[in-house]
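Here is how the chains run, residue by residue.
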Amino acid sequence: MTTDKARLTLYVSDRRPLDELTEALRRAAPLEQRGFITRSTVAEAALSLAWQDWQARGTDSDLAKRLVTSP
């Protein structure tokens, strides 16, 4: 199998939210699509959504509000 994706290791303090979100999305998906929903695809989708939000709203984005504190 070949892929154009790069391997990346993420360190999180608590992986339960990712696991629970992945399972919830699998349960919500049609049976034939459940196998395509993995922790990796969920993390990739979340990163894509965060990036789109940043591009659209910049420092008003949800990610910036959570990570950046202004003086």
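S.K.: Teacher, can you tell me more about helix H2 (residues 39-57) here?
M.R.: The periodicity of an α-helix, 3.6 residues per turn, causes residues three or four positions apart to be oriented the same way. Helix length check: H2, at 19 residues, gives a terminal C-alpha distance of 27 Å against a target of 27 Å (1.5 Å per residue), a fit within 8%. Following H2 by one or two positions, glycine 58 adopts a phi angle in the positive range, close to 55 degrees.

S.K.: Help me out: how do you make sense of the confidence of the model for the protein chain in this one?
M.R.: Note: predicted coordinates in regions of low pLDDT should not be interpreted at a detailed level. Confidence in the prediction for the protein chain averages 92 pLDDT; 94% of positions are at 70 or higher. Taken element by element, the protein chain is modelled with least confidence in helix H3 (residues 62-67), mean pLDDT 92, and with most confidence in helix H1 (residues 16-28), mean pLDDT 97.

S.K.: How should I be thinking about the layout of surface pockets in this particular structure?
M.R.: Unfilled space is identified by rolling a water-sized probe across the atoms. Size it by volume and the largest pocket reaches roughly 1300 Å³. Looking at the largest pocket, it is lined by 29 residues, and the ones nearest its centre are Leu10, Leu18, Arg39, Ala43 and Glu44. Ranked by residues supplied to the lining of the largest pocket, first place goes to H2 with eleven residues.

S.K.: Help me understand the pattern of salt bridges in this model?
M.R.: Close approach of charged atoms lets side chains of opposite charge pair. Tallied over the entire structure, the rule returns seven salt bridges. Put simply, lysine 5 and glutamate 44 hold a salt bridge, and the shortest N to O gap is 2.9 Å. One end of the pair, lysine 5, is in the segment before H1; the other, glutamate 44, is in helix H2, with 39 residues separating them in the sequence. Of the residues examined, lysine 5 reaches a relative accessible area of 48% and is grouped as partly exposed. Look at glutamate 44 and you get partly exposed, because its relative accessible area is 41%. A network of salt bridges, in which partner residues are shared, links Arg15, Asp19 and Arg39.

Rules used throughout
- Residues numbered from 1 in each chain as written.
- Predicted model: local features only at pLDDT ≥ 70, side-chain atom pairs only at ≥ 80, totals over all residues.
- Heavy atoms only, no water.
- Helix = DSSP H or I, 4+ residues; strand = E, 2+ residues; numbered from the N terminus.
- Expected span 1.5 Å × (residues − 1).
- pLDDT = per-residue confidence, 0-100.
- 1 Å grid on protein atoms, 1.4 Å probe; cavity = no way out; pocket = protein on both sides within 12 Å on 5 of 7 lines; lining within 4 Å.
- Points joined across faces, edges and corners; volume = space filled by probe spheres on them.
- Salt bridge = Lys/Arg side-chain N within 4 Å of Asp/Glu carboxyl O.
- Buried < 20%, exposed > 50% of the residue type's maximum accessible area, 1.4 Å probe, protein only.

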